[in-house]
Amino acid sequence: MRTRGSESFIVLPLLPIFLIGLFPMLLLSLMGPAGLVILGILVACAGLTDILDASGTFSEQIIVHGYARGSERAGQRTALHSEVRFATTMIASGAVLAVAGIVGLFIS
């Protein structure tokens, strides 16, 4: 019978991810509510970027491929609305984080 090695080597590839994520989380905890405001702004900016990217992709499909059939246009429109809906949720959550951070700054 072969002896079984340590199973801790399974989590070894996750160590770089942990080390990269450690610094921002430490910085966020040290900054307190101001860090929450910055995180909220970053999440809202990511949502805005998502909307612009989705609109750009939709426009590119229209310009490059021209006038498409109704079913293709409906699919493109559905994809655009789906991405915009998710990005709007990101913007709203970023705004909530920023407002919570501002309230935290005024309370402390």
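Residues numbered from 1 in each chain as written. Predicted model: local features only at pLDDT ≥ 70, side-chain atom pairs only at ≥ 80, totals over all residues. Heavy atoms only, no water.

1. Points about the overall build of the protein
And then number 1: For the protein, the count of helices and strands is three helices and zero strands.
And then number 2: Along the protein, helices (α) and strands (β) appear in the sequence α-α-α when read from the amino end.
And then number 3: Its C-alpha atoms give the protein a radius of gyration of 22 Å, clearly above 13 Å, the size a compact globule of 108 residues would have.
And then number 4: Within the protein, buried positions represent 14% of all 108 residues.
And then number 5: Total accessible area on the protein stands at roughly 8,400 Å², and carbon and sulfur atoms take up 74% of it.
And then number 6: With 6 positive and 6 negative side-chain charges, the protein shows a separation of 9 Å between the mean positions of the two kinds. (Helix = DSSP H or I, 4+ residues; strand = E, 2+ residues; numbered from the N terminus. Rg over C-alpha atoms; globule rule 2.2 N^0.38 Å. Buried < 20%, exposed > 50% of the residue type's maximum accessible area, 1.4 Å probe, protein only. Areas by Shrake-Rupley, 256 points an atom, 1.4 Å probe, with all protein chains shown as cover. Lys, Arg positive; Asp, Glu negative; His and termini not counted. Charge placed at Lys NZ, Arg CZ, Asp CG, Glu CD.)

2. Here we look at the side chain of Gln-76
And then number 1: Its location among the elements puts Gln-76 in helix H3 (residues 70–107).
And then number 2: Those residues within four positions of Gln-76 in sequence are excluded, and the remaining contacts are Phe-58, Gln-61 and Ile-62. (Contact = heavy atoms within 4.5 Å.)

3. Quick look at the packing of helix H2 (residues 33–65) against H3
And then number 1: Running from N to C, H2 and H3 point in directions that differ by 165 degrees, and their axes come no closer than 7 Å. Taken as axis vectors, H2 and H3 run roughly antiparallel relative to one another. Every pair of crossing elements has a handedness; the one defined by H2 and H3 is left-handed.
And then number 2: Looking at the contact of H2 with H3 residue by residue, the class counts come to 24 nonpolar, ten polar and three charged. (Axes fitted to C-alpha atoms, helices over the stretch in contact; angles between N-to-C directions. Parallel < 35°, antiparallel > 145°, perpendicular 65-115°, else oblique. Left-handed = near helix turned anticlockwise from the far one by under 90°. Nonpolar A, V, L, I, M, F, W, Y, C, P; charged D, E, K, R; others polar.)

4. Digging into H2
Along an α-helix, residues three or four positions apart point the same way, because every turn accommodates 3.6 residues.
And then number 1: End to end, H2 covers 48 Å across 33 residues, agreeing with the expected 48 Å (1.5 Å per residue, within 8%).
And then number 2: Those residues of H2 lying buried are Gly-35, Val-37, Gly-40, Ala-44, Gly-47 and Ala-54.
And then number 3: Where H2 is buried, its residues meet helix H1 (15–31) and H3.
And then number 4: Gly-66 lies just past H2 and shows a positive phi near 75 degrees. (Expected span 1.5 Å × (residues − 1).)

5. As for H3
And then number 1: The terminal C-alpha atoms of H3 lie 55 Å apart, and with 38 residues this matches the ideal 56 Å at 1.5 Å per residue to within 8%.
And then number 2: Residues Gln-76, Leu-80, Ala-87, Met-90, Gly-94, Ala-98, Gly-101 and Gly-104 constitute the buried set of H3.
And then number 3: Of the surrounding secondary structure, the elements contacted by the buried residues of H3 are H2.

6. Here's the deal with the environment of Thr-78
And then number 1: Relative to the helices and strands, Thr-78 is located in helix H3.
And then number 2: Thr-78 sits 33 residues away from Cys-45 along the chain, and the two C-alpha atoms are 23 Å apart.

7. Section: a nonpolar patch on the surface
And then number 1: A surface patch of nonpolar side chains, about 630 Å² in accessible area, is lined by Phe-9, Leu-12, Leu-15, Phe-18, Leu-19 and Leu-22.
And then number 2: Here Leu-22 lies in helix H1.
And then number 3: Judged by relative accessible area, Leu-22 falls into the partly exposed class, the value being 42%. (Patch = residues over 30% accessible without salt bridge, like charges linked within 9 Å, V, L, I, M, F, W, Y side chains within 5 Å. Salt bridge = Lys/Arg side-chain N within 4 Å of Asp/Glu carboxyl O.)

8. Things to note about the confidence of the model for the protein
And then number 1: Per-chain confidence: the protein averages 86 in pLDDT, with 94% of residues scoring 70 or above.
And then number 2: H3 holds the highest mean pLDDT among the elements of the protein, 91, whereas H1 holds the lowest, 83. (pLDDT = per-residue confidence, 0-100.)

9. A word on the environment of Thr-57
And then number 1: With respect to the helices and strands, the residue Thr-57 is situated in helix H2.
And then number 2: Accessibility expressed as a relative area gives 39% for Thr-57, which makes it partly exposed.
And then number 3: A C-alpha to C-alpha distance of 18 Å links Thr-57 and Arg-69, two positions twelve residues apart in sequence.

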